[in-house]
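Understanding the architecture of this molecule
Chain residues, written in single-letter form:
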Amino acid sequence: MNQISSPGSVAASMGALSMLSASLVFAAANTLQSILPQQFGMSSTGMAFWQYLIASALMAPVVMRIGLGKLKTRHPLAHQARAFASALGVHVFVYGFASGVPIWQMVTLLATGPLFVIVGSTLFLGERVSGARLGAALAGFIGAVVVSGVGAERLDWPALTPILAAALWAATDVLTKALARDESPETLTVSLLVLITPNHLAILLLANAFAFVLPAGVATGLPFALPQGIGLLLLLALGGLTAAAQYLLAWSYKRADAAYLQPFADLKAPMAGLIGWSLLGQTPSPWFWPGAALIVAASVFIFWTENRTPQTRAAPAVGGG
């Protein structure tokens with residue numbers, strides 16, 4: 001497959017706005033992922049299972065609106081691979097939360113994702129990686145490292161789990177972009193939400209079957225107990241935020257290149273830091289502010305650079321995919 005593309009001005013603006021919205025929703029979801037285990041005693045793995053089961057249920061009206069016939073796809077294996085990578089990334093990520101890694105360090109280390117996305121979108125999607133895109137991705141990554149306080153904060157195996165999660169979610173993003181070439185955001189969203197819950201269950205079963213070779217705390221049995229009262233309401237809210245974020249993500253990839261959009265996804269880092277600070281009392285390190293400023297500057301730079309010059313329409317792909 002060989003495609004060299006650059007987003008049109010209007011499409012790029014809509015894609016960037018959608019990605020910014022998705023980043024805000026993801027940041028709110030990350031906060032709930034931290035609250036539910038710590039304040040309501042919910043297992044992080046059980047939380048992940050219910051989170052996506054609820055999201056799938058909430059997306060049922062969308063399924064009815066667009067019709068089941070429109071969910072037919074020529075790429076069932078790609079959809080399954082996308083759902084498995086996404087689900088595994090969630091389990092790796094929540095393991096870091098359960099191990100006590102601060103929320104801003106967890107989220108900001110996810111900013112290694114753009115580098116994985118650039119490699120994947122270049123090798124497998126044929127996207128052109130301009131110097132501006134690469135520079136913005138590197139600046140966002142450096143900003144995330146600064147925010148995380150590497151050297152001042154703990155950096156052991158659990159603290160590195162976000163990097164593995166970032167690689168898995170980068171694979172999900174690249175697959176999403178590839179599928180978005182001929183499938184609608186509704187199809188992408190609903191197919192992921194339908195497939196991801198069985199994949200969460202499969203991962204739980206596999207983790208417990210191979211617990212003897214996994215790090216301590218990864219295999220936690222089958223913890224499906226639901227919280228009560230406010231905890232249950234927060235879990236429902238988490239499912240709703242998950243459905244909304246996945247839809248916004250698919251919508252943004254329908255309108256712009258994956259490499260172009262990734263610096264905007266880095267805004268999850270300062271957003272999560274601010275939400276965690278204001279709602280959870282988790283005071284970020286002093287490095288949070290300069291790092292967050294660098295992330296924001298990278299996003300503004302790539303948006304301004306790619307919208308100030310004439311854009312080229314996408315060339316048709318050569319070969320199948």
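Basis of the calculations
Residues numbered from 1 in each chain as written. Predicted model: local features only at pLDDT ≥ 70, side-chain atom pairs only at ≥ 80, totals over all residues. Heavy atoms only, no water. Core = buried A, V, L, I, M, F, W, Y, C linked by side-chain atoms within 4.5 Å. Buried < 20%, exposed > 50% of the residue type's maximum accessible area, 1.4 Å probe, protein only. Helix = DSSP H or I, 4+ residues; strand = E, 2+ residues; numbered from the N terminus. Contact = heavy atoms within 4.5 Å. Patch = residues over 30% accessible without salt bridge, like charges linked within 9 Å, V, L, I, M, F, W, Y side chains within 5 Å. Areas by Shrake-Rupley, 256 points an atom, 1.4 Å probe, with all protein chains shown as cover. Salt bridge = Lys/Arg side-chain N within 4 Å of Asp/Glu carboxyl O. pLDDT = per-residue confidence, 0-100. Expected span 1.5 Å × (residues − 1). Bend = angle between axes of the 7 residues up to and from the residue. Axes fitted to C-alpha atoms, helices over the stretch in contact; angles between N-to-C directions. Parallel < 35°, antiparallel > 145°, perpendicular 65-115°, else oblique. Left-handed = near helix turned anticlockwise from the far one by under 90°. Nonpolar A, V, L, I, M, F, W, Y, C, P; charged D, E, K, R; others polar. Phe/Tyr/Trp six-rings, centres within 6.5 Å; stacked < 30°, edge-to-face > 60°.

Moving on to the nonpolar core. Ranked by size, the top nonpolar core spans 24 residues in total, and within it Leu36, Met47, Leu193, Leu235 and Leu238 carry the most contacts. Going through the elements one at a time, α1 (9-40), α2 (44-58), α4 (76-98), α9 (185-209) and α10 (230-255) are the ones with two or more residues in this core. Sequence-distant contacts of Leu36, defined by excluding residues within four places in its chain, comprise Gly41, Met42, Met47, Gly231, Leu234, Leu235 and Leu238. One finds Met106, Val107, Ala166 and Leu168 within the second-largest nonpolar core, a separate group that totals 15 residues.

All right, on to a nonpolar patch on the surface then. A cluster of nonpolar side chains, namely Leu206, Phe210, Phe212, Val213 and Leu214, defines an oily patch on the protein surface of about 520 Å² accessible area. Here Phe212 shows up in the loop between α9 and α10.

Here we come to the confidence of the model for the protein. A residue-level look at the protein finds 81% of positions with pLDDT of 70 or above and a mean pLDDT of 76. Averaged pLDDT values over the elements of the protein bottom out at 70 in helix α11 (residues 258-265) and peak at 88 in α4. Note that pLDDT drops below 50 for residues 1-7; the model gives that stretch 39 contacts with residues more than four away or on any other chain. Predicted confidence for residues 310-321 stays below pLDDT 50, and this span has 19 contacts to residues more than four positions away or in other chains.

Further remarks concern α9. For α9, which comprises 25 residues, the first-to-last C-alpha distance of 35 Å matches the rise-based estimate of 36 Å (1.5 Å per residue) to within 8%. When the local axis directions of α9 are compared, the greatest deviation, roughly 30 degrees, occurs at Ile196, which is followed within four positions by the proline Pro198.

Once that is clear, we can look at the packing of α2 against α9. Put simply, α2 and α9 touch, their axes get as near as 8 Å, and they point 160 degrees apart. In terms of axis orientation, α2 runs roughly antiparallel to α9. Note that α2 runs across α9; the crossing there is left-handed. Facing Thr45, Ala48, Phe49, Tyr52, Leu53, Ala55 and Ser56 of α2, the residues of α9 in contact are Leu193, Val194, Ile196, Thr197, His200, Leu201 and Leu204. Among the residues forming the contact of α2 with α9, the class breakdown is 10 nonpolar, four polar and no charged.

Our focus in this paragraph is the pattern of salt bridges. As enumerated under the stated definition, the model contains one salt bridge in all. Measuring nitrogen to oxygen at the nearest pair gives 2.8 Å for the salt bridge that ties Arg74 to Asp182. One end of the pair, Arg74, is in the loop between α3 (60-66) and α4; the other, Asp182, is in the loop between α8 (157-179) and α9, with 108 residues separating them in the sequence. Here Arg74 falls in the exposed class, since its relative accessible area comes to 67%.

For the rest of this paragraph, the subject is the packing of aromatic side chains. Summed over all chains, the structure comprises three aromatic pairs. Look at Phe49 and Trp50: their rings are 5.6 Å apart centre to centre, the planes differ by 80 degrees, and that puts the pair in the edge-to-face class.

Examined against the element boundaries, Phe40 turns out to sit in helix α1. Through-space distance from the C-alpha of Phe40 to that of Leu226 is 9.8 Å; in sequence the pair is 186 residues apart.

The subject of this paragraph is the packing of α9 against α10. Following both chains from N to C, one finds α9 and α10 inclined at 140 degrees, their axes separated by 8 Å at the closest point. As judged from the angle between their axes, α9 and α10 are oblique. Considering only the axes of α9 and α10, their crossing is right-handed. Contact residues: Pro185, Glu186, Leu188, Thr189, Leu192 and Leu193 in α9; Ala243, Gln246, Tyr247, Ala250, Trp251 and Lys254 in α10. Split into classes, the residues belonging to the contact of α9 with α10 amount to eight nonpolar, two polar and two charged.

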